[in-house]
Structure formats: C-alpha cells, structure tokens
Amino acid sequence: MYFIYLYLYKNKKFKTIELIKFKMGLLKILRKIKLKEHQVRLLTLGLDNSGKTTIIKSILGQDPTSTSPTLGFTINTLKYGNNTINFWDIGGQTTIRSYWRNYFEETDGVIWVVDSGDKLRLKDCKEELHNLLKQEKLAGATLIVLCNKQDINGALKVEEIKNLLELESITSRHWMIMPCCGLTGDGLKEGLNWIMDDISSRIFMLE
Ligand code: G3D
C-alpha cells in the first residue's frame, strides 16, 4: 500500500487534496484491521510499589502475592469478550520513568495505579501523572486512576486522591478514578469494565 502511495506521489498522479484523502483512507483501513483483530493496548503505570504487578496478576487470576519489582516491563494478555487486552506492566522506579515514553505508541488506555497509603509520595505521583498526560503520543488514550491498597488502615479515599492529583484539571480526555485492592481483587473488575467500555465506544466513534 505504502509503495503504491509513493509511486503515485512521485509520479505526480495525486493533487494535495487527493493525497490527504488517500492518507485518511489508509488510516481508516489500518483502524479497521486493528478493530478486526480486537487488540487493545493498556499501559499500567504509576510509582514503584503502588501495586501495578499485583493488580495485573489479580486481573489475570494469578497469585497476586508473588510479586517482585518490575525492572523493565512485562506484557500479559487477557481475553476480554471479543477483545484481547495486552497489559504492559512497566517498572515505576525513578531511574526507569524516563523510559516510559518508549512504550506510548498505539496506547488505547492508561491504568494509573496509586498507593492510597503512601501519602508522602502523592505529590510526586501527581507530578508524574501530569507529565505523562502531556505526552503527545498518549493524547487519545483513556485514563483510569486506580486508588489501590484501600485495605490499609488510614488509606486515602477516592475523593481525597482525586483532589490531591488535581484530576478535575484534566479536560481533554476521558478519565475515571476508582478504589481497589490488588490483593483481594476488589474493584478491579469494575475498573477494567469502565476502561474497556470507554475505549470500545471511542474506537466505534472513529469508525
Ligand atoms: P509495583 O508493581 O507497582 O512496583 P507491586 O508494585 O505489585 O510489586 O506491589 C508492591 C507491594 O505492595 C507488594 O508488597 C504488594 O503485595 C503490595 N500490595 C499491592 N497491592 C496491595 C493492596 O491492595 N493492599 C496491600 N495491603 N498491599 C498491596 P511486598 O510486601 O511484596 O513489597
């Protein structure tokens, strides 16, 4: 397809407007292929120790208690109705965060995991989240903030985290915030359903 495009372009068989139409048609075809394959790419991000791996394991029905720090990234696949979700679990240590951007391409949704008991690092958490949302490649991605570790005594509630992370200032994308507990799996099904519903409706709208 690309070579046909190059040939036509180089041989001046297209005017600019036709080129734009051709490009848009190409994009539509690519989107349809993606839809047909029903591949959804979700990035799981957040500060280290927030519970990203635990949450993914819980969602996948694996033992959530056997985690070790994610130093690079892992990809896990889950069948979800007609879709296949690819979860990218990326390490959150300070030294790794600058590499997050290497994984942004083609992302449909971001699961931002917050340790609701880690009050000291919430400012850091807010800054990282807002920096992330500035990334152009993530412009269309749906965001869900999961307030993890709700079982911990004194864990911050959803409303408090929403305010501390200044989520109301996010106006250019669909977002949601929900409570959860990675260890017990509470709230994860609801969170996953919400983000998948949002992504499905967005892809449908683009059709
Ligand atoms: P990360 O992938 O974000 O770095 P992990 O985080 O999934 O490795 O989890 C970090 C620690 O938090 C783990 O404890 C894990 O058991 C714990 N954790 C994750 N989710 C919950 C939760 O909902 N409640 C509680 N109480 N703890 C949770 P360890 O002790 O292995 O470091």
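Everything below is about the structure printed above this text.
Residues numbered from 1 in each chain as written. Predicted model: local features only at pLDDT ≥ 70, side-chain atom pairs only at ≥ 80, totals over all residues. Heavy atoms only, no water.

> Any chance you could explain the side chain of Asn148 here in plain terms?
Within the fold, Asn148 resides in strand β5 (residues 142-148). Using a relative accessible area of 3% as the deciding quantity, one classes Asn148 as buried. (Helix = DSSP H or I, 4+ residues; strand = E, 2+ residues; numbered from the N terminus. Buried < 20%, exposed > 50% of the residue type's maximum accessible area, 1.4 Å probe, protein only.)

> So what exactly am I meant to see when it comes to the sheet that holds β5 here?
Adjacent strands of a sheet pair through backbone hydrogen bonds, lying either parallel or antiparallel. If you walk across this open sheet you meet the six strands as β2-β3-β1-β4-β5-β6, and the pairing is mixed. Strand pairing shows two members of the sheet lacking a second neighbour, β2 (73-80) and β6 (175-179), which therefore form its edges. In this sheet, adjacent strand axes meet at a mean angle of 20° when their direction is disregarded. Across six bridges, strand β1 (residues 39-46) lies against strand β3 (residues 83-90) in parallel orientation. Bridge assignment links Arg41 to a residue of β3, and that residue is Asn86. Each of β1, β2, β3, β4 (109-115) and β5 is contacted by helix α3 (residues 52-60), which is oriented at about 155° to β3, the strand it contacts most. Sheet strands in contact with helix α5 (residues 122-133) are β1, β4 and β5, and its direction is about 170° off that of β4. (Pairing = 2+ DSSP bridges. Axes fitted to C-alpha atoms, helices over the stretch in contact; angles between N-to-C directions. Contact = heavy atoms within 4.5 Å.)

> Help me understand the packing of aromatic side chains in this model?
Under the criterion given, the structure shown has four aromatic pairs. With 5.9 Å between their ring centres and 55° between their planes, Trp88 and Tyr103 make a pair best called tilted. Of this pair, Trp88 sits in strand β3 while Tyr103 sits in the loop between α4 (94-97) and β4, and the two are 15 residues apart along the sequence. There is no split in this pair, since Trp88 and Tyr103 are both buried. An aromatic cluster is present here, built from Phe73, Trp88 and Tyr103 joined pairwise through their rings. Over the face of the ring belonging to Trp88 we find Arg41, whose NZ or CZ atom lies 4.0 Å from the ring centre. (Phe/Tyr/Trp six-rings, centres within 6.5 Å; stacked < 30°, edge-to-face > 60°. Lys NZ or Arg CZ within 6 Å of the ring centre and 35° of its normal.)

> Please clarify how the pattern of salt bridges should be interpreted in this entry.
Pairing between side chains becomes possible if they bear opposite charge and their charged atoms approach one another. Going through the model one piece at a time under the given rule, you end up with eleven salt bridges. Among the salt bridges present, the one from Asp48 reaches Arg121, with a minimum N-O distance of 3.1 Å. Remark: Arg121 occurs in the loop between β4 and α5 and Asp48 occurs in the loop between β1 and α3; sequence separation between them is 73 residues. The class for Arg121 is partly exposed, based on a relative accessible area of 24%. Members of the salt-bridge network, linked through shared partners, are Asp48, Arg97, Asp118, Arg121, Asp124 and Glu128. (Salt bridge = Lys/Arg side-chain N within 4 Å of Asp/Glu carboxyl O.)

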